[in-house]
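# Chains, contacts and geometry: an overview
Okay, here's what each chain looks like letter by letter:
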Amino acid sequence: MVLLSVTGTVRMILIIIAVFVIVRFIGRLLVAKRNLDEEKRYNQNNDAFKKAKEKSANEKGKVHIVEGGYRDAEDVDYEEVKED
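The text that follows walks through the structure, step by step, so that each part is easy to find. (Residues numbered from 1 in each chain as written. Predicted model: local features only at pLDDT ≥ 70, side-chain atom pairs only at ≥ 80, totals over all residues. Heavy atoms only, no water.)

### What to know about the overall build of the chain
Looking only at helices and strands, one finds 1 helix and 0 strands in the chain. If you line up the chain on its principal axes, its C-alpha atoms span 110 × 35 × 30 Å. Counting across all 84 residues of the chain, residues that qualify as buried make up 0%. If you average the places of the 15 positive and of the 15 negative side-chain charges in the chain, the two averages end up 25 Å apart. (Helix = DSSP H or I, 4+ residues; strand = E, 2+ residues; numbered from the N terminus. Buried < 20%, exposed > 50% of the residue type's maximum accessible area, 1.4 Å probe, protein only. Lys, Arg positive; Asp, Glu negative; His and termini not counted. Charge placed at Lys NZ, Arg CZ, Asp CG, Glu CD.)

Written as structure tokens, this is what we have:
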């Protein structure tokens, strides 16, 4: 009788250890997946920033006229302001 309870206890301890090992392994896989997703998002943002910076550098000093833009503007005559 004592022998059966000792083997059952050892078996239960081994099952508990196996469950902890499996949970740790799954946790590590999920952390690795999250890190890969964050790295991919960082690289995409970094590439978009570099492209925008290159486009800005290429178009520096150029003027673009956009049709159909903001129309609620009022033209006024030039008037010189005198300083006292």
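More follows now that the structure is in view.
### Section: the pattern of salt bridges
If you walk through the whole model with that rule in mind, you get 2 salt bridges. Of the charged contacts in the structure, one is a salt bridge between K33 and D37, with a shortest N-O distance of 3.4 Å. Residue K33 and its partner D37 are both found in helix α1 (residues 2-58); the two are separated by 4 residues, about one turn of the helix. For K33, a relative accessible area of 51% corresponds to the exposed category. Salt-bridge contacts for R34 lead to E38; the nearest nitrogen and oxygen are separated by 3.9 Å. With a gap of 4 residues between them, R34 and E38 both fall in helix α1, about one helical turn apart. Judged by its relative accessible area of 48%, R34 is partly exposed. (Salt bridge = Lys/Arg side-chain N within 4 Å of Asp/Glu carboxyl O.)

### Some remarks on the environment of R41
With respect to the helices and strands, the residue R41 is situated in helix α1. On the basis of relative accessibility, which here comes to 48%, the residue R41 falls in the partly exposed class. Between the alpha carbons of R41 and E80 there is a distance of 53 Å; along the sequence they are 39 residues apart.

By themselves, these figures tell us nothing about what the structure is for.
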